[in-house]
Every structure is written in C-alpha cells, then in structure tokens.
Amino acid sequence: MMKIEIDFESEDALYIQIRDQIIYGIATRQYQEGDSLPSVRELAESVGINMHTVNKAYDVLRQEGLLRLGRRTGAVIAIDLDKLGAMEDMRDELRVILARGFCKGISREEVFELVNEIYSEYE
C-alpha cells in the first residue's frame, strides 16, 4: 500500500508533495511499472486532502510521462522512456537549483557529492 505523508507546514504545494513522493517511490523501486495507485478518492481520504489536489498530482505525473490514467484502469505507473525530453527537463530544473546553490557558496565538488549520495539511494 502506498504511503503518502503530507506536510501541511511545508512551502511546497500539496500536489507537488504527492508527485514528489510518487516519483521517489518509483526511483527507489517501491512502485514498479504497471502498479496501480489508489483512486483519487481513496488517496484524498487517506491523507485528508481535497480530491482535486490528488487529481492535479496524478495529472502532472501523467504529463511528465510517469503515469497512465484510464477510466477503467485508474492511475497506473507507466514510464514513458523519452530520455531526451527528460534530460532537457532536468537541465532546466537543475539550472535553477545549481544557480541557487552557487549563490549560497556551494561548490561543484559539493554538488557532485550530493548527486552521488542521492543516486546511491536508487541503487
């Protein structure tokens, strides 16, 4: 069973928290290709949030090529292997993250250490 925890004090939007936890679950193999996710209603009730919030998270995951949504099948992990598109998206997101780190004095070597540390969580 999927375990989603919402931090109502976080600055991150609720749908982003859900999206990020599902992505992390896929990366760490808690969720596999073809796994069904809870219905929008089930997940909303289990974490105590509005159904529209869960629906938005699922829709974003669909747009990002990680989820397939169907009337009969519901939300299913389905990874679109568009590596080039994913690399472009990652480049855009990393550009801002790395600029923020650069402004805070984080070195290239420290970034590489962080990347290696994080990637080891997925292996």
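Residues numbered from 1 in each chain as written. Predicted model: local features only at pLDDT ≥ 70, side-chain atom pairs only at ≥ 80, totals over all residues. Heavy atoms only, no water.

Peer 1: Talk me through the nonpolar core; I want residue IDs and the actual numbers.
Peer 2: Core analysis: the biggest nonpolar cluster contains 20 residues, and Ile 4, Ile 18, Ile 22, Leu 37 and Tyr 58 have the highest contact counts within it. Of all the elements, helix 3 (residues 51-63) adds the most residues to this core, at four residues. Discounting chain neighbours no more than four positions away, the residues touching Ile 4 are Ile 18, Gln 21, Ile 22, Leu 43 and Val 47. (Core = buried A, V, L, I, M, F, W, Y, C linked by side-chain atoms within 4.5 Å. Buried < 20%, exposed > 50% of the residue type's maximum accessible area, 1.4 Å probe, protein only. Helix = DSSP H or I, 4+ residues; strand = E, 2+ residues; numbered from the N terminus. Contact = heavy atoms within 4.5 Å.)

Peer 1: Can you break down the pattern of salt bridges residue by residue, with the values?
Peer 2: All told, the structure shown has six salt bridges when counted by the stated rule. Between Glu 5 and Lys 3 there is a salt bridge, with the nearest N and O atoms lying 2.7 Å from each other. Taking the shortest distance from any N to any O, the salt bridge between Asp 59 and Arg 62 comes out at 2.7 Å. Of this pair, Asp 59 and Arg 62 both sit in helix 3, three residues apart, which is roughly one turn of the helix. Using a relative accessible area of 38% as the deciding quantity, one classes Arg 62 as partly exposed. Here the residues in one salt-bridge network are Arg 19, Asp 20 and Glu 64, joined through shared partners. (Salt bridge = Lys/Arg side-chain N within 4 Å of Asp/Glu carboxyl O.)

Peer 1: With reference to specific residues and values, describe the layout of surface pockets.
Peer 2: Its boundaries defined by the atoms lining it, the largest pocket holds a volume of some 2200 Å³. For the lining of the largest pocket, the secondary structure elements donating two or more residues are helix 1 (14-27), helix 4 (83-103) and helix 5 (108-120). At 14 residues, helix 4 tops the list of elements feeding residues into the lining of the largest pocket. Grouping the amino acids of the lining of the largest pocket by side-chain chemistry returns 23 nonpolar, five polar and 11 charged. (1 Å grid on protein atoms, 1.4 Å probe; cavity = no way out; pocket = protein on both sides within 12 Å on 5 of 7 lines; lining within 4 Å. Points joined across faces, edges and corners; volume = space filled by probe spheres on them. Nonpolar A, V, L, I, M, F, W, Y, C, P; charged D, E, K, R; others polar.)

Geometric values such as these leave the question of function open.
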